[in-house]
Amino acid sequence: MTIDALPQGMIRAATANGTAAHEGYMPGFGNDFETEALPGALPQGQNSPQKCSYGLYAEQLSGTAFTAPRGQNERTWCYRIRPSVKHVGRFKKIDLPYWKSAPHVLPDVTSLGQYRWDPVPHKAGEALTWITGMRTMTTAGDVNTQVGMAAHIYLVTESMKDEYFFSADSELLVVPQEGRLRFCTELGIIDLEPKEIAIIPRGLVYRVEVLEGPARGFVCENYGQKFDLPGRGPIGANCMANPRDFKSPVAAFEDREAKSRVVIKWCGQFHESFIDHSPLDIVAWHGNYCAYKYDLRTYSPVGAILFDHPDPSIFTVLTAPSGQEGTANIDFVLFRERWLVAEHSFRPPWYHKNIMSEMMGNIYGIYDAKPQGFVPGGTSLHNMMLPHGPDRNAFEHGSTEPMVPAKQDNTMQFMFETRFPQQLTEFAANEAPLQDDYVDCWDSLEKKFDGTPGEK
């Protein structure tokens, strides 16, 4: 067992069975993990002994209903210094004006349209933590009925100090674009940088520290069923996102007395509560409900190897199902480096109207359907049933490029796609750097039809 000294006195260890955990992580998606930061802290053969080792308390964290099907049932047993009833006191409502939840439909904001934004800039001298730096761009669905999502930009310049957060509303999918963050969670530590993502589950308490700043990125707040790996169907057992590349942290805890603030998001509202210690006090745990990270560079794309451009769903990394089979509450889709080899085909994404609503972000590089204007850190929104597709430059290139293998290199974009229309916030409509001329990118497309047969 290895023990490392970590920020603010945290203690971390390897897995309970003594196996090595790469850089403090355990591999696998949806695995039933077990890990302890002190030897013998994890009970064997039962979940809730009459007395736990080290004087710890046994507590279950349930991410699904007790009676959810076995393949979907998620829970983790925690062995902690204090039960979590000691980690909150009386609640006081607070205002975080830039973090919005659905339903959030504003009568004076027009969400119907094709929109694109430049990167939201950092303001000189503005001190922002993970909580105060969240900027909601769109909302969809209804947080109170646990369907839909919100899309956010985060700007973080300062670490949270003696301050902690959890969301009862949602799990958060975090997509960094610049800077490095550390998520000190109840179940362990996740260090995160661009080209990686993290999932922070509903109800998990954590603190966010800046390892390299300022930090900016994207967040998909999922109100509905948890993200899962998509079914591969006839693709088979390999490619796309492989389960072994997902990493969950080993146990880590801190036993520290200090006045601390806990902020809770609940039904779209924010509350604070004060306690006299750190709530990150889980010494050991076992279960399958936990935070995890994933390196997007390990995603193995699958595509057309003879002709035509496939549907973008072929690039799905994670999907959050809805009650309707085949129609997701949210899909997280990745457009990364890949080879284009289709013959006698228009290789860029085709023109399209879609029942789903698409919020895209650019992590780095050039997107093949929009060579100009969609810059790293930028976002775009194509709402349900609104047409979109290549601009003129992309169309002309795709119509005339040599039909030889070509690599899309140094590029990584993503899409938060949902079955619900996405409503713009006041921030997205009036404060974020909206490209007012984006819709004009299709103006120069020419009519080529002249009534005579043959290629034009």
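A quick note: this is a predicted structure, and the numbers were derived from the prediction, not measured.

1. Here we look at the overall build of the protein chain
So, step 1. Looking only at helices and strands, the protein chain has 2 helices and 29 strands in total.
So, step 2. The C-alpha atoms of the protein chain give a radius of gyration of 23 Å, which matches the 23 Å a tight globule of 456 residues would have.
So, step 3. Taking the principal axes of its C-alpha atoms as reference, the protein chain extends roughly 85 × 50 × 40 Å.
So, step 4. Relative to its 456 residues, the protein chain shows a buried fraction of 54%.
So, step 5. In the protein chain, once contacts between residues fewer than 6 apart in sequence are set aside, the share between residues at least 24 apart is 77%.
So, step 6. Put simply, the protein chain shows about 20200 Å² of open surface, and 52% of that area lies on carbon and sulfur atoms.
So, step 7. Taken as two groups, the 42 positive and 56 negative side-chain charges of the protein chain have centres that lie 4 Å from each other.

2. Quick look at the domain arrangement of the protein chain
So, step 1. For the protein chain, the domain assignment lists domain 1 (11-108 + 121-296) and domain 2 (299-439).
So, step 2. Look at where the C-alpha atoms of domain 1 and domain 2 centre, and you get two points 28 Å apart.
So, step 3. Counting from both sides, the interface comprises 46 residues of domain 1 and, opposite them, 43 residues of domain 2.
So, step 4. Across the domain 1 to domain 2 interface the summed buried area is about 3500 Å²; carbon plus sulfur atoms make up 73%.
So, step 5. Of all residues in domain 1, the largest losses of buried area upon contact with domain 2 belong to Met137, Met240 and Leu296, amounting jointly to 19% of the total for that side.
So, step 6. Summed over the shared surface of domain 1 and domain 2, the result is 0 salt bridges.
So, step 7. Linking domain 1 with domain 2 are 12 residue pairs in polar contact (both at pLDDT 80 or more).
So, step 8. Of all the secondary structure elements, the ones that give two or more residues to the side of domain 1 that touches domain 2 are strand 9 (134-142), strand 10 (147-156), strand 12 (171-185), strand 14 (196-200), strand 15 (206-222) and strand 21 (292-295).
So, step 9. When residues in the side of domain 1 that touches domain 2 are grouped by element, the largest group, 7 residues, is from strand 9.

3. Some thoughts on the layout of surface pockets
So, step 1. If you add up the space inside the largest pocket, you get close to 760 Å³.
So, step 2. Together, 39 residues line the largest pocket, and Thr64, Gln72, Glu74, Gln225 and Lys226 are the ones closest to its centre.
So, step 3. A per-class count over the lining of the largest pocket returns 13 nonpolar, 19 polar and 7 charged.
So, step 4. Counting residues domain by domain, the lining of the largest pocket receives three or more from each of domain 1 (11-108 + 121-296) and domain 2 (299-439).
So, step 5. One number sums up the size of the second largest pocket: a volume of about 550 Å³.

4. Overview of the UniProt feature "active site" (unreviewed entry) in the protein chain
So, step 1. Taking the UniProt record as the reference, the feature "active site" (unreviewed entry) is found at His309.
So, step 2. Note on placement: His309 falls in the loop between strand 21 and strand 22 (316-321).
So, step 3. Not counting the four nearest positions on each side in its chain, His309 is found in contact with Phe346, Arg347, Pro348, Pro349 and Trp350.

5. A word on the pattern of salt bridges
In a structure, side chains of opposite charge can pair up when their charged atoms sit close to one another.
So, step 1. Scanning the model with the defined rule gives 26 salt bridges in all.
So, step 2. Linking Glu178 and Arg216 is a salt bridge whose minimum nitrogen-to-oxygen distance equals 3.5 Å. Residue Glu178 is found in strand 12, and its partner Arg216 is found in strand 15; the two are separated by 38 residues along the sequence.
So, step 3. Its salt-bridge partner being Arg207, residue Glu209 comes within 3.0 Å of it at the nearest N-O pair.
So, step 4. Connected via shared salt-bridge partners are Asp162, Arg207, Glu209, Glu254 and Arg256.

6. Considering the sheet that holds strand 6 (residues 75-80)
So, step 1. The sheet built from 4 strands is open, its strands ordered 4-20-6-5 with antiparallel pairing. Bordering the open sheet on either side are strand 4 (33-36) and strand 5 (57-62), each of which pairs with just one other strand. Across the sheet, the axes of successive neighbouring strands diverge by a mean angle of 20°, strand direction being ignored.
So, step 2. In the sheet, strand 4 pairs with strand 20 (residues 282-287) via 4 bridges, with the strands oriented antiparallel. By the bridge assignment, Thr35 is partnered in strand 20 with Trp285.

7. Quick word on the nonpolar core
So, step 1. Counting 51 residues, the largest nonpolar core has Trp117, Leu173, Val175, Phe227, Leu318, Phe332 and Phe416 as its most contacted members.
So, step 2. Residues in contact with Phe227, not counting those within four places in the same chain, are Phe29, Glu171, Leu173, Ile199, Cys220, Asn222, Tyr292, Leu318, Thr319, Ala320 and Ile330.
So, step 3. Judged by nonpolar contacts, the second largest core, of 49 residues, contains Ala37, Leu96, Ala251 and Tyr289.

8. Brief notes about helix 1 (residues 392-400)
So, step 1. Buried within helix 1 we find Ala394, Phe395 and Gly398. End-on, the buried residues of helix 1 take up no more than an arc of 100°, which puts them together on one face. In helix 1, the exposed positions angled more than 90 degrees off the buried face are occupied by Asn393 and Thr400.

What counts as what
Residues numbered from 1 in each chain as written. Predicted model: local features only at pLDDT ≥ 70, side-chain atom pairs only at ≥ 80, totals over all residues. Heavy atoms only, no water. Helix = DSSP H or I, 4+ residues; strand = E, 2+ residues; numbered from the N terminus. Rg over C-alpha atoms; globule rule 2.2 N^0.38 Å. Buried < 20%, exposed > 50% of the residue type's maximum accessible area, 1.4 Å probe, protein only. Contact = heavy atoms within 4.5 Å. Areas by Shrake-Rupley, 256 points an atom, 1.4 Å probe, with all protein chains shown as cover. Lys, Arg positive; Asp, Glu negative; His and termini not counted. Charge placed at Lys NZ, Arg CZ, Asp CG, Glu CD. Domains from an automatic or database assignment. Buried area = accessible area lost by both parts, 1.4 Å probe. Salt bridge = Lys/Arg side-chain N within 4 Å of Asp/Glu carboxyl O. Polar contact = N/O pair within 3.5 Å; in protein donor to acceptor, adjacent residues only side chain to side chain. 1 Å grid on protein atoms, 1.4 Å probe; cavity = no way out; pocket = protein on both sides within 12 Å on 5 of 7 lines; lining within 4 Å. Points joined across faces, edges and corners; volume = space filled by probe spheres on them. Nonpolar A, V, L, I, M, F, W, Y, C, P; charged D, E, K, R; others polar. UniProt positions renumbered as here; feature names shortened; annotations may be inferred. Pairing = 2+ DSSP bridges. Axes fitted to C-alpha atoms, helices over the stretch in contact; angles between N-to-C directions. Core = buried A, V, L, I, M, F, W, Y, C linked by side-chain atoms within 4.5 Å. Arc of directions from axis to C-beta.

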